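Chain by chain, the residues run as shown.
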Amino acid sequence: MSPSDDDRPTTSGTDARAAELAARVRDLMPGVRSDLEALTRIPSVSLDSFDQRHVDDSAAATADLLRAEGLDVRVVREGGRPAVIGHLPAPEGAPTVLLYAHHDVQPPGDDADWDTPVFTPTQVGDRLYARGVADDKAGVMAHVAALRAHAGRPPVGVTVFVEGEEEVGSDSLPQILEAHGAELECDAIVLADSHNWKIGVPALTTTLRGMVRVVVEVRALEHGLHSGLYGGVVPDGLTALCRLLATLHDEHGDVAVPGLRSSEAADLDFSEEDLRADAGLPAGVRPIGTGSLLSRMWTKPSMTVIGIDAPAVDAAANLLTPVGRAKLSMRIHPEEDPAVAADALTRHLREHAPWGCEVDVTVVDDGRGFAADAQGPVYDAARAAFRDAWGGVDPVDIGVGGSIPFVAAFAERFPDAAILVTGVEDPDTRAHAANESLHLGEFERVCLAEALLLDRLPGGRHHGEHE
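A brief look at the structure comes next. (Residues numbered from 1 in each chain as written. Predicted model: local features only at pLDDT ≥ 70, side-chain atom pairs only at ≥ 80, totals over all residues. Heavy atoms only, no water.)

1. Here's the deal with the overall build of the chain
What counts here: A run of H or I in DSSP becomes a helix once it reaches four residues, and a run of E becomes a strand once it reaches two; helices and strands are each numbered from the N terminus. Only the C-alpha atoms count toward the radius of gyration. The rule for a globule is 2.2 Å times the residue count to the power 0.38. Under the scheme applied here, a residue whose accessible area is under 20% of the maximum for its type counts as buried, over 50% as exposed, and between as partly exposed, the area being computed with a 1.4 Å probe on protein chains only. Contacts were defined at the residue level, with two residues in contact if any of their heavy atoms lie within 4.5 Å.
When its secondary structure is counted, the chain shows 12 helices and 18 strands. Scaling as 2.2 N^0.38, a compact globule of 467 residues should have a C-alpha radius of gyration of about 23 Å, and the chain matches this with 24 Å. Its C-alpha atoms give the chain principal-axis dimensions of about 85 × 45 × 45 Å. The buried share among the 467 residues of the chain stands at 54%. Long-range pairs, those at least 24 residues apart, make up 80% of the contacts in the chain with a sequence separation of at least 6.

Have a look at this one:
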């Protein structure tokens, strides 16, 4: 089953070049999908506890795909997982665009939670299901499809950078940028690792929250004690930890750590019903926090307890536990300094130590957010490309509540390059969760939009022919 005619992209207006590219992309999609499925079958989970040979295989397969389009390709490794760099030189006087994606994927989770085999791409309706099929191997293939649409001869220079450890924090990215920065120099960057507003409505991601992750340890005792003999007079580490964690939110559910930045998000139509549908929020559970829903998701801080060390219920003894430990994930305003935010969180936790217990805070990692001006000729070209690929539907500027630290790293390394954060996902994709999927009709539109963008980048050979 292929996308229906209604799902296929149709360009707006009468631009013959756009219609030509749309026809090319349509003809190419069966092969693009086949290559996407083959790439997705490689279980390239970059977490250490998984077989890293699959990540090597995924890098090799990605390199082969780019070589087939005429790129000069190298697989590089700077102390971490393998990344792929491919390059097509720019025609004389034309700009160079850097196309980013990542070939590593999240762990699959429990097979029982999946309705289809985890690493076997399976179509159900208009969606293709498998781990990594959307995040971000469809991003890899969108770049390949755009190159194929131009028969390996785009009107601009193209560098493709496909990372191999995005899902585990991009630890070696600074070393890669340091060692290979000259190869990655560019005039514009397209990072295909975000999502669109909804099916049928494209988006450019213009803000991303930053993040801080910490482990907090609360010590109440030097050793465990009988809960009957000493309970009621001696505190335990877990109860003290619970009281400490409860101080992180106020009665409305807003983050209660003083000094964190906050602002209003874009005024887009997003209702509580939309939230419940997108998040699967049960009818009896109320959203937390105050302010607009999008501000709470995009530009206000959030705090989540993502892990706790505690005795298992089935094996618990009648014991006052000496120490409680938890891992916290704090998302911060796109323009917040993560070091300042980490200091504020650490200070709050230590100042709220329950009953005089010892509180130790370790910053595990952090990452800067991103806020784009999103104005200028490159953004104009991108919006026009999206509008044509989606049949005249204007793209919207969105924020994303999640963090993509490599975007800030690219912005710092290439300060003069316009950064376009795009993606193949939609609210039903369920990236990182069971039953991750890709909407096939939207995927074709993404491929066409990127092909159009390569055609229209300012300074390119075809720029100006479509105005």
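On we go.
2. Some words on the nonpolar core
In globular proteins that are soluble, nonpolar side chains generally tend to be buried together. This is how the line gets drawn: Only buried Ala, Val, Leu, Ile, Met, Phe, Trp, Tyr and Cys residues count toward a nonpolar core, and they belong to the same one when joined by side-chain atoms within 4.5 Å.
One finds Val97 and Phe443 to be the most contacted residues of the largest nonpolar core, which totals 64 residues. Counting residues per element, this core draws most heavily on helix H12 (residues 440–456), which supplies 10 residues. Ignoring anything within four residues of it in the chain, the contact list for Phe443 reads Met29, Val32, Leu36, Ala138, Met141, Ala142, Val424 and Leu438.

3. Description of the layout of surface pockets
Heads up, the rule is: Both cavities and pockets are sets of points on a 1 Å grid over the protein atoms alone; in a cavity a 1.4 Å probe fits but cannot get out, in a pocket the set is open with protein on both sides within 12 Å along at least five of seven lines, and lining residues sit with an atom within 4 Å of a point. Grid points are joined across faces, edges and corners, and a volume is the space filled by probe spheres set on the points. For this classification, Asp, Glu, Lys and Arg are treated as charged, while Ala, Val, Leu, Ile, Met, Phe, Trp, Tyr, Cys and Pro are nonpolar and the rest, including Gly, are polar.
Each pocket or cavity is described by its volume, and for the second largest pocket that value is around 310 Å³. The wall of the second largest pocket is formed by 18 residues, among which Phe370, Ala371, Ala411, Glu412 and Ile419 lie closest to the centre. Counting residues per element, the ones that place at least two in the lining of the second largest pocket are strand S15 (370–371), helix H11 (405–413) and strand S17 (418–425). The element contributing the most residues to the lining of the second largest pocket is H11, with 3 residues. Across the lining of the second largest pocket, the residue classes tally to 13 nonpolar, 2 polar and 3 charged.

4. What to know about empty space enclosed by the protein
Summed over all chains, the structure comprises 1 cavity of 30 Å³ or more. Considered as a void within the structure, the largest cavity measures approximately 100 Å³ in volume. Lining the largest cavity we find Val190, Ala192, Phe386, Thr422, Gly423, Val446, Ala449, Glu450 and Leu453. Put simply, the parts of the chain that give the lining of the largest cavity at least two residues each are strand S7 (188–195), S17 and H12. Among the elements that take part in the lining of the largest cavity, H12 stands out by supplying 4 residues, more than any other. Split by residue class, the lining of the largest cavity holds 6 nonpolar, 2 polar and 1 charged.

5. A short note on the pairing of strand S16 (residues 396–400)
To be explicit about the condition: In this description, strands pair whenever DSSP reports at least two bridges between them.
Burial within S16 is extensive, with 4 of its 5 residues counted as buried. Both strand S8 (residues 203–208) and S16 contribute to a ladder of 5 bridges, which runs parallel. What sits directly across from Leu204, in S16, is Asp397.

6. Things to note about the packing of aromatic side chains
Note the threshold: Side-chain rings of Phe, Tyr and Trp (the six-membered ring for Trp) are treated as a pair once their centres are within 6.5 Å; stacked means planes under 30 degrees apart, edge-to-face means over 60, and tilted covers the remaining angles.
The tally for this structure, following the rule as stated, stands at 9 aromatic pairs. On the basis of an interplanar angle of 55° and a centroid distance of 6.0 Å, the ring pair of Trp197 and Phe270 is categorised as tilted. Remark: Phe270 occurs in the loop between helix H6 (237–246) and helix H7 (272–279) and Trp197 occurs in the loop between S7 and S8; sequence separation between them is 73 residues. For the pair formed by Trp197 and Phe270, the shared burial category is buried.

7. Quick look at the pattern of salt bridges
Our working definition: A side-chain nitrogen of Lys or Arg and a carboxyl oxygen of Asp or Glu constitute a salt bridge if their distance falls within 4 Å.
For the coordinates displayed, the defined rule picks out 28 salt bridges. For Arg53, the salt bridge goes to Asp51, with nearest N and O atoms at 2.7 Å. Overall, Arg53 belongs to the exposed group, its relative accessible area being 58%. With relative accessibility at 30%, the residue Asp51 sits in the partly exposed group. Beyond isolated ion pairs, a larger network of salt bridges with shared partners links Arg17, Glu20, Arg24 and Asp455.

8. With respect to helix H1 (residues 16–40)
What counts here: A helix is expected to span 1.5 Å multiplied by its residue count minus one. Fitting one axis to the seven residues ending at a residue and another to the seven starting there, the bend at that residue is the angle between the two axes. Definition of a polar contact: a pair of N or O atoms within 3.5 Å, with one able to donate and the other able to accept a hydrogen when the atoms are protein atoms, and with sequence-neighbouring residues admitted only if both atoms are side-chain atoms.
The end-to-end C-alpha distance of H1 is 34 Å, a good match for the 36 Å that 25 residues give at a rise of 1.5 Å each. A bend of about 45° at Met29 is the largest found in H1, and the proline Pro30 appears one to four places after it. Arg17, Ala18, Leu21, Ala22, Val25, Met29, Val32, Leu36, Glu37, Leu39 and Thr40 are the residues of H1 that are buried. Tucked inside the fold, the buried residues of H1 contact helix H2 (53–67), strand S5 (127–129), helix H3 (137–149), helix H10 (377–389), strand S18 (437–439) and H12. Measuring from the backbone nitrogen of Arg17 back to the side-chain oxygen at the start of H1 gives 2.9 Å, which picks out Asp15 as the cap.

9. Thoughts on H2
Stated precisely, the cut-off is as follows: Arc definition: directions from the helix axis to the C-beta atoms.
Counted at 1.5 Å a residue, the expected span for H2 with its 15 residues is 21 Å, and the 21 Å between its end C-alpha atoms agrees. Those residues of H2 not exposed but buried are Val55, Ser58, Ala59, Thr62, Ala63, Leu65 and Leu66. Taken end-on, H2 shows its buried residues confined to a sector of 160°, consistent with a single buried face. Considering only its buried residues, H2 is in contact with H1, strand S1 (72–76), strand S2 (83–88), H3 and strand S6 (157–163).

10. Some remarks on unusual backbone geometry
The step from Asp135 to Asp136 runs through a cis peptide bond, and the omega angle for that step is 5°. Topologically, Asp136 is positioned in the loop between S5 and H3. Even without being a glycine, Asn435 presents a positive backbone phi close to 65°. One can find Asn435 in the loop between S17 and S18. Judged by its relative accessible area of 8%, Asn435 is buried.

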